[in-house]
Amino acid sequence: MIASEPTVLPDDAYNRALVDNVHPRAWTNPTPSGRYNLVVLGAGTAGLVAAAGAAGLGARVALVER
């Protein structure tokens, strides 16, 4: 394992499969393209309604969730 990968003990086949599923080695964060009309923080009830409503009107929306 590479030092930057998360370590889950015990280091067995099941935990290695778990780490591969939740932290893929080939993952890179997407690069945002341009500016957004609306940034919604939180995907709760209000956040989803706001994001869906704005996107339905043609706005470029970024939805940020932990």
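Everything in this summary refers to the structure shown in the same document. None of the values given here were measured: they were computed from a predicted structure. (Residues numbered from 1 in each chain as written. Predicted model: local features only at pLDDT ≥ 70, side-chain atom pairs only at ≥ 80, totals over all residues. Heavy atoms only, no water.)

Notes on the overall build of the protein
Helix and strand counts for the protein come out as two helices and two strands. Starting at the N terminus and ending at the C terminus, the protein contains elements arranged as α-β-α-β. The globule rule puts the C-alpha radius of gyration for 66 residues at 11 Å, and the 18 Å found for the protein is more than 25% above it. Here the C-alpha coordinates of the protein stretch approximately 50 × 25 × 15 Å along the principal axes. Each of the 66 residues in the protein was classed as buried or not, and the buried ones make up 12%. (Helix = DSSP H or I, 4+ residues; strand = E, 2+ residues; numbered from the N terminus. Rg over C-alpha atoms; globule rule 2.2 N^0.38 Å. Buried < 20%, exposed > 50% of the residue type's maximum accessible area, 1.4 Å probe, protein only.)

Topic: the pattern of salt bridges
What the rule picks out here adds up to two salt bridges. Across the salt bridge formed by Asp-11 and Arg-16, the nearest N and O atoms sit 3.2 Å from each other. Relative accessible area serves as the criterion here: at 46%, Asp-11 is assigned to the partly exposed category. For Arg-25, the salt bridge goes to Asp-20, with nearest N and O atoms at 3.8 Å. Given a relative accessible area of 59%, Arg-25 falls into the exposed group. Here Asp-20 falls in the partly exposed class, since its relative accessible area comes to 35%. (Salt bridge = Lys/Arg side-chain N within 4 Å of Asp/Glu carboxyl O.)

So, unusual backbone geometry
Keep in mind that most residues, glycine aside, have a negative phi and that most peptide bonds are trans. Here the bond from Leu-9 into Pro-10 is cis, since omega is 0°, no more than 30 degrees from zero. Within the secondary structure, Pro-10 sits in the segment before helix H1 (13–22).

Some words on the packing of aromatic side chains
Summed over all chains, the structure comprises zero aromatic pairs. Residue placement shows Arg-60 over the ring face of Tyr-36; its charged tip is 5.1 Å from the ring centre. (Phe/Tyr/Trp six-rings, centres within 6.5 Å; stacked < 30°, edge-to-face > 60°. Lys NZ or Arg CZ within 6 Å of the ring centre and 35° of its normal.)

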